[in-house]
Amino acid sequence: MIDPILPTYNRVDLVFERGEGAWLFTKDGERYLDFTAGIAVNVLGHAHPHLVAALTEQAGKLWHISNVFRIEGGERLAKRLTEATFADTMFFTNSGAEALECAIKMARKYHDANGAPERYRMITFEGAFHGRTLATIAAGGNPKYLEGFGPAMPGFDQVPFGDLAAVRAVIGPQTGAILIEPVQGEGGVRTASWAFLRELRALCDEKGLLLILDEVQCGVGRTGKFFAHEWSGITPDIMAVAKGIGGGFPVGACLAKEEAAKGMVAGTHGSTYGGNPLAMSVANAVLDVVLAEGFMEQVQTTSARLRQKLAELKDRHPAVIAEVRGEGLLVGLRTHVPNTDLVVALRAEHMLVPTAGENVVRLLPPLTIGEEEIEAAFTRLDAACTRLESGLRPEAEKQAVKGAAA
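Since this is a predicted model, take the numbers as computed values, not measurements. (Residues numbered from 1 in each chain as written. Predicted model: local features only at pLDDT ≥ 70, side-chain atom pairs only at ≥ 80, totals over all residues. Heavy atoms only, no water.)

Structural notes on the sheet that holds strand 4 (residues 89-93)
In sheet architecture, strand pairing relies on hydrogen bonds along the backbone and comes in two forms, parallel and antiparallel. Taken in spatial order, the seven strands line up as 4-12-11-10-7-5-6 in an open sheet, and their pairing is mixed. Two strands lie at the open edges of the sheet, namely strand 4 and strand 6 (156-159), each paired on one side alone. Strand-to-strand, the axes of this sheet are offset by a mean angle of 20°, without reference to chain direction. In the sheet, strand 5 (residues 121-125) pairs with strand 7 (residues 175-180) via three bridges, with the strands oriented parallel. Paired with Arg121 across the two strands is Thr175, which belongs to strand 7. (Pairing = 2+ DSSP bridges. Helix = DSSP H or I, 4+ residues; strand = E, 2+ residues; numbered from the N terminus. Axes fitted to C-alpha atoms, helices over the stretch in contact; angles between N-to-C directions.)

Notes on the packing of helix 2 (residues 49-59) against helix 9 (residues 277-290)
In contact at an axis separation of 9 Å, helix 2 and helix 9 are set at 155° when each is read in the N-to-C sense. It follows that helix 2 is roughly antiparallel to helix 9 by the angle criterion. Considering the relative orientation of helix 2 and helix 9, their crossing is right-handed. Seen from helix 2, the contacting residues are His50, Leu51, Ala54, Leu55, Gln58 and Ala59; seen from helix 9, they are Pro277, Leu278, Ser281, Val282, Ala285, Val286, Asp288 and Val289. Residues of the contact of helix 2 with helix 9, tallied by class, amount to 10 nonpolar, three polar and one charged. (Parallel < 35°, antiparallel > 145°, perpendicular 65-115°, else oblique. Left-handed = near helix turned anticlockwise from the far one by under 90°. Contact = heavy atoms within 4.5 Å. Nonpolar A, V, L, I, M, F, W, Y, C, P; charged D, E, K, R; others polar.)

Thoughts on the nonpolar core
Within the largest apolar cluster, 86 residues are counted, with the highest numbers of intra-cluster contacts made by Ile178 and Ile180. The leading source of residues in this core is helix 9, at nine residues. Ala99, Ala138, Ala139 and Ala260 belong to the second largest nonpolar core, which has 25 residues in total. (Core = buried A, V, L, I, M, F, W, Y, C linked by side-chain atoms within 4.5 Å. Buried < 20%, exposed > 50% of the residue type's maximum accessible area, 1.4 Å probe, protein only.)

Regarding helix 10 (residues 295-316)
Taking 1.5 Å of rise per residue, the 22 residues of helix 10 would be expected to cover 32 Å, and the 32 Å separating its terminal C-alpha atoms lies within 8% of that figure. Among the residues making up helix 10, those that are buried are Phe295, Met296, Val299, Thr302, Ser303, Leu306, Lys309, Leu310 and Leu313. Seen along its axis, helix 10 keeps its buried residues to an arc of 145°; they face one direction. (Expected span 1.5 Å × (residues − 1). Arc of directions from axis to C-beta.)

Quick word on the environment of Thr82
Looking at the element boundaries, Thr82 is found in helix 3 (residues 72-84). Here Thr82 falls in the partly exposed class, since its relative accessible area comes to 21%. Spatially, the C-alpha atoms of Thr82 and Gly208 are 24 Å apart, while their sequence positions differ by 126 residues. Every residue in contact with Thr82, bar those within four places of it in the chain, is listed here: Ala87, Asp88, Thr89 and Met90.

So, the environment of Ala47
Tracing the sequence through the fold places Ala47 in the loop between helix 1 (37-40) and helix 2. The exposure class assigned to Ala47 is exposed, which follows from its relative accessible area of 52%. Sequence-wise, Ala47 and Arg18 are 29 residues apart; in three dimensions their C-alpha atoms are separated by 8.4 Å. For Ala47, the residues in contact, after removing those within four places along its chain, are Gly19 and Val52.

Here we look at the pattern of salt bridges
Evaluated as defined, the whole model comprises 25 salt bridges. Here Asp205 makes a salt bridge to Arg201, at a shortest N to O gap of 2.9 Å. Of this pair, Asp205 and Arg201 both sit in helix 8 (residues 194-207), separated by four residues, roughly a single helical turn. For Asp205, a relative accessible area of 52% translates into the label exposed. Here Glu349 ties to Arg387 by a salt bridge, and the two come within 2.7 Å at their closest N and O atoms. In this pair, Glu349 sits in the loop between helix 11 (339-348) and strand 15 (351-352) while Arg387 sits in helix 12 (residues 371-405), placing the two residues 38 residues apart along the sequence. Owing to a relative accessible area of 43%, Arg387 belongs among the partly exposed residues under this scheme. (Salt bridge = Lys/Arg side-chain N within 4 Å of Asp/Glu carboxyl O.)

With respect to the sheet that holds strand 17 (residues 360-363)
What the four strands build is an open sheet, ordered 13-14-17-16; its pairing is antiparallel. With partners counted over all chains shown, the strands left at the sheet margins are strand 13 (321-327) and strand 16 (355-356), one partner each. Here helix 10 sits on the sheet in contact with strand 13, strand 14 (330-335) and strand 17, set at roughly 165° to strand 13.

Below, the structure is given as structure tokens:
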């Protein structure tokens with residue numbers, strides 16, 4: 001029988017019935033510690049009461065009316081986001097890929113409005129992931145995602161991550177913008193140094209380029225600041241956000257300075273569902289929590305505690321854990337064993353985590369975790385590493401014998 005769902009995902013054979021905080025429950029009552037969080041989406045965990053109340057209340061009033069009419073929840077959300085960020089204006093979307101599409105179009109339209117339509121090219125970085133549309137896979141440049149989809153959309157020049165000389169070398173008369181993730185999630189939880197972001201900002205100012213940040217995964221408190229770039233002290237011209245901004249409900253946004261957005265006049269862009277009343281009610285509820293006094297400080301404290309435990313884990317299991325990396329609660333464990341082996345071993349311990357590039361396992365817990373969840377995670381990670389070491393031991397003994405013979 002043909003599966004009625006297109007087989008584009010290698011799905012794990014687990015079905016969850018409900019969630020509570022950082023925990024997921026199957027129909028037969030098995031409990032799993034969720035450090036995937038919908039891939040950095042569920043920043044407040046599962047079934048957060050404030051989000052549930054906001055969605056339930058709005059569901060009884062109005063779901064969808066289209067952007068032909070004013071949407072008060074969107075106006076309120078936009079005002080709150082502009083007050084809390086660099087932005088003057090924004091466009092609401094349903095996903096991160098759509099937010100990036102808007103950002104790419106906005107950058108091109110900006111230069112067109114300035115009488116330089118030839119400045120459509122954009123510098124991007126190796127290891128990036130910006131989405132699955134034709135434009136965003138071209139921006140990301142990963143051959144795995146480009147294969148079979150015909151010629152890549154033109155306009156993107158990729159350079160090594162963190163290499164300012166390479167960025168300078170590729171700038172030409174057609175270059176209009178630089179696009180970067182402050183912390184690459186899919187690419188291996190690689191952080192652009194805050195100094196590098198400051199250098200990019202200065203370079204954009206020098207060359208008349210727009211600086212675009214993709215904070216779809218690393219934004220909305222994930223690093224201990226509302227947005228990751230705040231650690232560097234710079235501001236972008238355009239920024240794409242999604243994932244955490246909806247806390248599990250599909251919401252995205254493209255934020256921009258007024259000057260950068262000046263080409264996006266009536267009729268230049270649109271979205272049927274973007275900014276719908278349901279999405280706006282949930283996103284406003286997310287902001288109620290993450291922008292509350294003390295929330296970011298608590299994320300920083302929690303992440304420091306988690307990092308401390310992971311350092312202990314690395315010391316206890318050097319044959320499995322090669323490196324702990326990342327920022328805040330966007331954490332990567334680079335492994336000596338195949339990262340998928342650790343994912344499977346953790347699943348056997350009832351803990352859920354996703355992989356990333358560079359043989360990394362990501363830890364993406366809800367931002368609301370506490371000591372109980374950190375200890376539960378350490379216990380499961382420790383057990384999974386021990387499980388893998390049992391499989392490694394015969395080979396390690398062989399190598400030890402060879403070394404002794406030499």
